[in-house]
Amino acid sequence: MIDIGTGGGERLLELSSDARQLLGVDPDPEVIGRARELAADKGVTSVHFETGTGTEILDRFDVVIDRHAPFATTVVHRLLRPGGRFVTQQVGEHNMKNVRESFQLEANAFAPISPEMFVKAGFIIERFDEYDVDYVIHDMDSLVFWLQALDVAHSDFGGFDSERDADAINRLLSTSLTGDGVVTNEHRYLLVAAKPG
Ligand SMILES: C[S@@+](CC[C@H](N)C(=O)[O-])C[C@H]1O[C@@H](n2cnc3c(N)ncnc32)[C@H](O)[C@@H]1O
């Protein structure tokens, strides 16, 4: 199995007992370094990490996965053996809708994936879901910590400055504060596609 855009390997290492051999690739050498360290710390030998995007890999895999990272359908198709599966979860264009509105950020115009793009690339769609999950931030310190941790590269959100963004945070609190804290939405797509055997 290969994981495109694997990041620091935290997620892939959780799957280490589910596959015989796993490869994680990411173009960022820093996160690949961290992933290798984490694998060594955990004593996991069945998971390997390489710097790259998958375009440079010549092997064929039973499964290609991608969680929240860019990919090309042509590359995924080439990486799979006939009968292999691609499984991806992608962040939707309406993610954190109320937060984006409070910060007056433009909504993303296009859905990140569609069944049509996979059919066009020669896949058979086995599952396609679109859904929202509540994400609750319980207190003010956590809200500020979370907003500061977001960045454009990873979340399409440009960080947070308490002085600059005071009005935005007040707008968010006025529309979205509940008894549990501030509630926003995680908008996600999930797709499973097969390469015909
Ligand atoms: C939001 S992180 C997701 C990390 C991991 N998949 C996870 O779920 O925790 C996106 C990752 O995609 C990587 N990335 C950026 N451009 C890429 C590309 N063209 N191909 C593959 N991965 C890419 C980034 O370096 C980053 O580690």
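Residues numbered from 1 in each chain as written. Predicted model: local features only at pLDDT ≥ 70, side-chain atom pairs only at ≥ 80, totals over all residues.

Caption draft 1: Quick peek at the overall build of the protein chain. Of the regular secondary structure elements, the protein chain holds 8 helices and 8 strands. Counting only C-alpha atoms, the protein chain reaches 55 × 40 × 25 Å along its principal axes. Considering only residue pairs separated by 6 or more positions, the protein chain has 62% of its internal contacts joining residues 24 or more positions apart. (Helix = DSSP H or I, 4+ residues; strand = E, 2+ residues; numbered from the N terminus. Contact = placed C-beta atoms within 7 Å.)

Caption draft 2: The arrangement of the pairing of strand β2 (residues 22-26) in detail. Where burial is concerned, most of β2 is hidden: 5 out of the 5 residues are buried. Of the two faces of β2, the one carrying Leu 22, Gly 24 and Asp 26 and the one carrying Leu 23 and Val 25 are both buried. Inspection of the sheet shows strand β1 (residues 2-4) paired to β2 by 3 bridges, in the parallel sense. The residue of β2 that forms the bridge with Asp 3 is Gly 24. (Buried ≥ 20, exposed ≤ 12 C-beta atoms within 10 Å, placed from the backbone. Pairing = 2+ DSSP bridges.)

Caption draft 3: Structural detail: unusual backbone geometry. Of note in this structure, His 68 is not a glycine but carries a positive phi near 65 degrees. With respect to the secondary-structure elements, His 68 resides in the loop between β4 (61-67) and α3 (73-79). A positive phi angle is found at Met 96, which is not glycine, with a value near 50 degrees. Here Met 96 shows up in the loop between β5 (80-91) and α4 (97-102).

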